[in-house]
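Architecture at a glance
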Amino acid sequence: MYKSIPRLGLAAIAALGVIAAPPPAEAQEAKRAIVKVAGDLYRFQNNFHYSVFLVTPEGVIATDPINAGAAKWLKAEIAKRFKVPVKYVIYSHDHRDHIAGGEVFADTATFVAHENAKATIIGEKRPTAVPDVTFAERMDIELGGKRVELTYVGPSHSDNSIVMRFPAERALFAVDIVTVNRLPIPDSWSRQIVVGKKFGLEDPDGKYLWDSFQSRYGNFGSGLSDNFQDSLSPSESDRYGKPQLVPPRLGQGSFRLVVMDAYQRRCAVTGEKTLPALEAAHIRPFAEGGKHEIRNGIFLRRDVHRLFDLGYVTITPSQRFEVSRRIKEEFENGRDYYALHGREVAVPRAKNKQPAAELLDWHNNERFKNGFEI
Ligand SMILES: [Zn+2]
């Protein structure tokens, strides 16, 4: 059901002479569907990802291919149902969980993306077709008497996110631009900032962020103590919404204890048992929608935790540890970490305490190798 495991670390691994782990057993069938949106515009679903395509007498204008397996399925369905080739593939932004597998359409399609996306696709070696046509602000594509309007919306979820408007169908396709409950990005935030920029409350953007935070989390004062975390009991549906009765969830403090216990006081990756060097990591950070829940937790040695948070390493849904080649590229080092690449991670035996596959999937796609993004 999950996308294929990122194999990004392999080049560096080979160079270091470490044998990479074999690919995991084939995951179960993906949930795929095609649903009509309006007129000749259709929505394509692959598990948690969606794209759209417009059918015209001269061919199809497709958007994010999602991944190679999804793209092959979509290509076959389009051929079967509409009997026209895919003439264009438009990438919403450069992230691999949306645009992998473009090469599947390379026999008939022209690939279109924002100009910044092209650089990243090449630089990050995204496993997809490199865009043939790029644009900076606006571009229209016409085919078979139909039209899609592409607009760059400025730095947002990425520095190359575009929205696609289908005027005849009165539909807009926007991907990842709005992430529910994520904090807004202040104007002074530069794309060059890596991590760790701080804002003071005295500067306007700091105040803006804090106000946004409070409007989401409620007015809890300035201290983010364990009590604060414990008092925050978000429900599935209304995480920061109105107060309501929900089952209590773990606070930050109890989260650490529960995770430590479930992992028998050992780092899941290295097996390290020296407790002061071990931490309960969130797979998906709390600030980005993750919860203080055992299935969002993993017990890690501090350095591994740090690299995990920064996206230099990840754990796949099949519970294998993977190391980004970025460690080697950026620090000319990392031998100790590469030696762990492909290793099976030691998780609790009880299934209901193991890391949730969809959270690991999120980390693979949104965090791994993406330590430079917000
Ligand atoms: Zn994205």
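Reading the values: rules and limits
- Residues numbered from 1 in each chain as written.
- Predicted model: local features only at pLDDT ≥ 70, side-chain atom pairs only at ≥ 80, totals over all residues.
- Helix = DSSP H or I, 4+ residues; strand = E, 2+ residues; numbered from the N terminus.
- Buried ≥ 20, exposed ≤ 12 C-beta atoms within 10 Å, placed from the backbone.
- Pairing = 2+ DSSP bridges.
- Axes fitted to C-alpha atoms, helices over the stretch in contact; angles between N-to-C directions.
- Contact = placed C-beta atoms within 7 Å.
- Expected span 1.5 Å × (residues − 1).
- Core = buried A, V, L, I, M, F, W, Y, C linked by C-beta atoms within 7 Å.

Considering the overall build of the protein chain
Across its full length, the protein chain holds eleven helices and 15 strands. Sorting the 374 residues of the protein chain into buried and exposed places 35% on the buried side.

Quick notes on the sheet that holds strand β2 (residues 41-46)
If you trace the seven strands from one edge of the open sheet to the other, you get β1-β2-β3-β4-β5-β6-β7, paired in mixed fashion. Looking at which strands have only one partner, the edges of the open sheet turn out to be β1 (32-38) and β7 (133-135). The average angle at which neighbouring strand axes cross in this sheet is 20°, direction not considered. Strands in contact with helix α2 (residues 68-82) are β1, β2, β3 (49-56), β4 (59-62) and β5 (86-90); relative to β1, the strand with the most contacts, it is inclined by about 55°.

Remarks on α2
The first and last C-alpha atoms of α2 sit 20 Å apart over 15 residues, in line with the 21 Å expected at 1.5 Å per residue. Within α2, burial applies to Gly69, Ala70, Ala71, Leu74, Lys75 and Ile78. Phi for Lys83, located one or two positions after α2, is positive at around 55°.

Section: the sheet that holds strand β11 (residues 171-174)
Strand order in this open sheet of four strands is β8-β9-β10-β11, and the pairing throughout is antiparallel. The open sheet terminates on both sides in strands that have one partner only, identified here as β8 (138-143) and β11. Strand-to-strand twist in this sheet, taken as the mean axis angle between neighbours without regard to direction, amounts to 20°. Direction of pairing for β8 relative to strand β9 (residues 146-152): antiparallel, over a ladder of six bridges.

Overview of the environment of Gly297
Here Gly297 lies in strand β13 (residues 297-301). C-alpha of Gly297 to C-alpha of Ile283: the two residues are 14 residues apart in sequence and 5.8 Å apart in space. Apart from the residues within four sequence positions on either side, Gly297 is in contact with Phe255, Val259, Ala280, Ala281 and His282.

Some words on the pairing of β13
Among the five residues that make up β13, five are buried, leaving the element largely enclosed by the rest of the structure. Of the two faces of β13, the one carrying Gly297, Phe299 and Arg301 and the one carrying Ile298 and Leu300 are both buried. Of the pairings in the sheet, the one linking strand β12 (residues 278-282) to β13 comprises five bridges and is antiparallel in character. When the bridges of β13 are listed, Leu278 appears paired with Arg301.

Digging into unusual backbone geometry
For Lys83, which is not glycine, the phi dihedral falls at a positive 55°. Topologically, Lys83 is positioned in the loop between α2 and β5. In this structure, Arg170 is a non-glycine residue whose phi angle is positive, near 50°. Relative to the assigned elements, Arg170 resides in the loop between β10 (162-166) and β11.

Describing helix α11 (residues 357-367)
Judged by how many residues are buried, α11 sits mostly within the fold: eight of eleven residues are covered. For α11, every residue scored as buried is listed here: Leu359, Leu360, Asp361, Trp362, His363, Asn364, Asn365 and Arg367. Looking at the buried side of α11, the elements it contacts are α3 (96-99) and β14 (313-315). Downstream of α11 by one or two residues, Lys369 has phi in the positive range, about 70°.

A short note on the nonpolar core
By size, the foremost hydrophobic cluster in this structure holds 38 residues, and its most contacted members are Phe53, Leu54, Val60, Ile61, Ala62, Val89 and Ile90. By size, the runner-up hydrophobic cluster in this structure holds 30 residues, among which are Leu300, Ile315, Val323 and Tyr337.

Some points on the environment of Asp64
With respect to the helices, strands and loops of the structure, Asp64 is situated in the loop between β4 and α2. As for Asp64 and His98, which are separated by 34 residues in sequence, their C-alpha atoms are 5.5 Å apart. When sequence neighbours within four positions are dropped, the list of residues in contact with Asp64 reads Ser51, Tyr91, Ser92, His98, Ile99 and Val175.

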